[in-house]
Amino acid sequence: MAWAHWGCCPWLVLLCAFAWSYPKPADLGGEYVKNCSISPPYLPVTVVNTTVRLTALRQQLQTQNLSAYIITDTDAHMSEYLSTPDKRLEWITGFTGSAGTAVVTMGKAALWTDSRYWIQAEQQMDCNWELHKEVGATPIVTWLLTEIPAGGRVGFDPFLLSVDSWKSYDLVLQGSNRQLVSITVNLVDLAWGSERPLFPSQPIYALQEAFTGSTWQEKVSDIRSQMQKHHKAPTAVFLSALDETAWLFNLRSSDIPYNPFFYSYTLLTNSSIRLFANKSRFSSETLRYLNSSCIGLMCVQLEDYSQVRDSIQAYTSGDVRVWIGTSYTTYGLYEVIPKEKLVTDTYSPVMMTKAVKNSKEQALLKASHVRDAIAVIRYLVWLEKNVPKGTVNEFSGAEIVDKFRGEEEFSSGPSFKTISASGLNAAQAHYSPTKELNRKLSSDEMYLLDSGGQYWDGTTDITRTLHWGTPSAFQKEAYTRVLIGNIDLSRLVFPAAISGRLVDAFARRALWNVGLNYGHGTGHGIGNFLSVHEWPVGFHSNGIALAKGMFTSIEPGYYKDGEFGIRLEDVALIVEAKTKYPGTYLTFEVVSLVPYDRNLINVSLLSPEHLQYLNLYYQTIREKVVPELQRRQLLEEYMWLQQHTEPLSARAPGTASMASMFTASAFAILGWSV
């Protein structure tokens, strides 16, 4: 999944320098364009009336003696996706985009967001709001300095601002005679009142041992070992990100959309383990699993989630040193730890350890991708039969692929909202249809499907772009150059410990050669039944060094504004490369197992090395997927796969020969031979 849309810090750093082109307001239809200059103003049906909400919030500002209040698009754990009660920015503004910051004063209300959401914000916010087409602390503070008087107090919820974000605001405000004030009670929550949705309360459960790479006791011992070896000798590690605690204890739940997490913190010391969560959500079986009834090195003491700040403050009153990752720790916890007792890194040791999968975790993730390929292939076969009938739209298609994934063994739902985009809609890299707003799939247009699944053994993410009719020469060239970029990066051999940003250009080179490019990141890490965007692996500027055992997506693309979009995404495992001379070099092993659209490949643009790579990849798909198709007696899907993995050559057309199709059919009927 193209990941430039990640919202909160640290995701904000991923916003690229490459600007997207979006439809102009005039292209949207007059009914979607508000007009605040007339009386009464014209507001489209997509707008949310926020007058009452802003009045309630301003009453809270008066109570706290504040001149302004900052509202972020985050939760207390810097999660990518938000649970409904954490969607404060959406409630106060009406804006549903995944990235933005709002500021409310006694007289004005303003939203800052990036170019992906400018049109959406105009469609959703009423005339109480002004839109600022910038991001970052500097433009927000610049605006504040003109709107509030000297001596003014700017309030914020310290649990919704990362340490790094707080430092950005604090630095810009220094010397301005305005004060940044930490208010531990969220003022939007007070304004929201009883209408605010309740937090999730589903059970927190332990994964079966078959789906874990190590026991939680082994993981705890490993982190403690890292503490002992650290030159600053921390006595504790504090974990804030939800996937850190989920991974450490092999626990899962469903508090966050598309992610199997639960609200929690962990304080792991040399001699104790404290898990902060809602105690009532643990069954007696899970409590036994955590050894929660004892006190000792391997006994997990459950403490109430709301007590984490007080507990951290009490712990740090002693002779201790707490190791944190600043990217996910919020200022609300950071501010109660004496600075001389802090050991800081950008990412916690759990985040770094989790990024490298052991051999069992690798096998589990690979197995999940075989089943995921079956679901996607079933969908592609279904599309070929139904799109020509004119009965499929983007939304109904997304429902079908989600349904097919849900029928796979160990399925636990989609890993993100399916991007099902036809024609010009695919030019918006993060477009997702709704039941009310969608486009019909057509044999005359390109179709982009970016989707993934959560399974007990792994998380998946794959993108394929299709055309069932006659694509233009430019569409085929653009597709093929995107494919070349995917191949060039996938087959790259590179030195161990190199940063991902240093190899990003290999995915873009074929596009750059003819003056084309794409404006999102080239890839992101992926978890074992955890996050589909697992930080900090990838090809972005502040990612960590690539290492054996990491999984990353590889997803170049191209987007023609107002016409079509192309993206080809695979998940790959970083493995040791076999080189002629001794040395420590790495390469990628692709674990996604769905063929590319032959109808869109211009074979003449492919080198012999590209063709060799593709044909070996198709052979791998057959070896891994066909046995499962045979086992499940999926004859139609077997036939489709045989046809679409026929070897390509410089002379061959993009489709399988009738003879090969007949042979495959005969083999299938007689004995399912490959």
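Residues numbered from 1 in each chain as written. Predicted model: local features only at pLDDT ≥ 70, side-chain atom pairs only at ≥ 80, totals over all residues. Heavy atoms only, no water.

**Q** Before we go on, may I ask you to explain the packing of helix H4 (residues 137–147) against helix H5 (residues 163–173) in this structure?
**A** In a packed pair of helices, the relevant descriptors are the angle between the two axes and the axis-to-axis distance. Where H4 meets H5, the closest approach of the two axes is 9 Å, and the angle between their N-to-C directions is 40 degrees. One finds that H4 runs oblique with respect to H5. Relative to H5, H4 is oriented so that their crossing is right-handed. Contact with H4, carried on its side by Ala-137, Thr-138, Ile-140, Val-141 and Leu-145, involves Ser-168, Tyr-169, Val-172 and Leu-173 of H5 and no other residues of that element. Across the contact of H4 with H5, the residue classes break down as seven nonpolar, two polar and no charged. (Axes fitted to C-alpha atoms, helices over the stretch in contact; angles between N-to-C directions. Helix = DSSP H or I, 4+ residues; strand = E, 2+ residues; numbered from the N terminus. Parallel < 35°, antiparallel > 145°, perpendicular 65-115°, else oblique. Left-handed = near helix turned anticlockwise from the far one by under 90°. Contact = heavy atoms within 4.5 Å. Nonpolar A, V, L, I, M, F, W, Y, C, P; charged D, E, K, R; others polar.)

**Q** Can you help me understand helix H8 (residues 242–249) in this one?
**A** Because each turn of an α-helix spans 3.6 residues, side chains separated by three or four positions in sequence point in the same direction. Of all eight residues making up H8, eight are buried, and the element is well covered by its neighbours. Burial in H8 covers these residues: Leu-242, Asp-243, Glu-244, Thr-245, Ala-246, Trp-247, Leu-248 and Phe-249. At the C-terminal side of H8, Asn-250 shows a positive phi close to 55 degrees. (Buried < 20%, exposed > 50% of the residue type's maximum accessible area, 1.4 Å probe, protein only.)

**Q** What is the right way to look at the sheet that holds strand E18 (residues 453–455) in this model?
**A** Sheet strands line up and pair through hydrogen bonds in the backbone, either parallel or antiparallel. Taken together, three strands build an open sheet; the order of strands is E15-E18-E19 and the sheet is antiparallel. Strands with a single pairing partner mark the edges of an open sheet, and in this sheet they are strand E15 (411–414) and strand E19 (458–459). Pairing of E18 with E19 involves two bridges; the strand directions are antiparallel. Opposite Gln-454, over in E19, you have Thr-459 as the bridge partner. (Pairing = 2+ DSSP bridges.)

**Q** Would you mind going over the sheet that holds strand E16 (residues 419–422) with me for this structure?
**A** Spatially, three strands are ordered E16-E17-E20 in an open sheet, and the strand pairing comes out antiparallel. One side of each edge strand has no neighbouring strand; the edge strands of this open sheet are E16 and strand E20 (462–467). Going across the sheet, the axis of each strand differs from the next one's by a mean of 10 degrees, ignoring polarity. Note: strand E17 (residues 446–451) against E20, six bridges, orientation antiparallel. Counterpart to Leu-448 in the pairing with E20 is Thr-465. Sheet strands in contact with helix H14 (residues 394–406) are E16, E17 and E20, and its direction is about 145 degrees off that of E16.

**Q** For this particular structure, what's the right way to read the environment of Pro-158?
**A** If you trace the backbone, Pro-158 turns up in the loop between strand E5 (153–156) and H5. Taking the C-alpha atoms as reference, Pro-158 lies 42 Å from Leu-586; in sequence the two are 428 residues apart. Residue contacts for Pro-158: discarding those within four places in its chain leaves Ser-182, Ile-183, Thr-184, Thr-330, Tyr-331, Gly-332 and Glu-335.

**Q** Help me understand the pattern of salt bridges in this model?
**A** Pairing between side chains becomes possible if they bear opposite charge and their charged atoms approach one another. Counting across every chain of the model gives 29 salt bridges. A salt bridge links Asp-189 to Arg-88; the nearest nitrogen and oxygen atoms lie 2.7 Å apart. Of this pair, Asp-189 sits in helix H6 (residues 187–192) while Arg-88 is found in helix H2 (residues 88–93), placing the two residues 101 residues apart along the sequence. Each member of the pair, Asp-189 together with Arg-88, is buried. In this structure, Glu-589 and Lys-366 form a salt bridge, with 3.0 Å as the shortest nitrogen-oxygen distance. Taken together, the positions of Glu-589 in strand E28 (residues 585–590) and Lys-366 in helix H13 (residues 359–386) put the pair 223 residues apart, joining distant regions of the chain. For Glu-589, a relative accessible area of 29% gives the class partly exposed. Among the residues examined, Lys-366 registers a relative accessible area of 29% and is labelled partly exposed. (Salt bridge = Lys/Arg side-chain N within 4 Å of Asp/Glu carboxyl O.)

**Q** Looking at this structure, I do not really get the state of the cysteines. What am I missing?
**A** Joining two cysteines, a disulfide is a covalent bond between their sulfur atoms. Within the structure shown, the criterion is met by two disulfides. A sulfur-sulfur separation of 1.9 Å characterises the disulfide bridge that pairs Cys-36 with Cys-127. Its torsion about the S-S bond being -90 degrees, the disulfide of Cys-36 and Cys-127 is classed as left-handed. Of this pair, Cys-36 sits in the segment before helix H1 (51–63) while Cys-127 is found in the loop between helix H3 (118–124) and strand E4 (129–132), placing the two residues 91 residues apart along the sequence. In this structure Cys-36 comes out as partly exposed when scored by relative accessible area, which is 41%. A disulfide bridge connects Cys-294 with Cys-299, and the sulfur atoms are separated by 1.9 Å. Taking the sign of the torsion about the S-S bond as the criterion, the disulfide between Cys-294 and Cys-299, at about -105 degrees, is left-handed. Residue Cys-294 is classed as partly exposed on the basis of its relative accessible area of 30%. For the chain, the disulfide bridges join cysteines in the arrangement 1-2, 3-4, where the cysteines are counted in sequence order. (Disulfide = S-S within 2.5 Å.)

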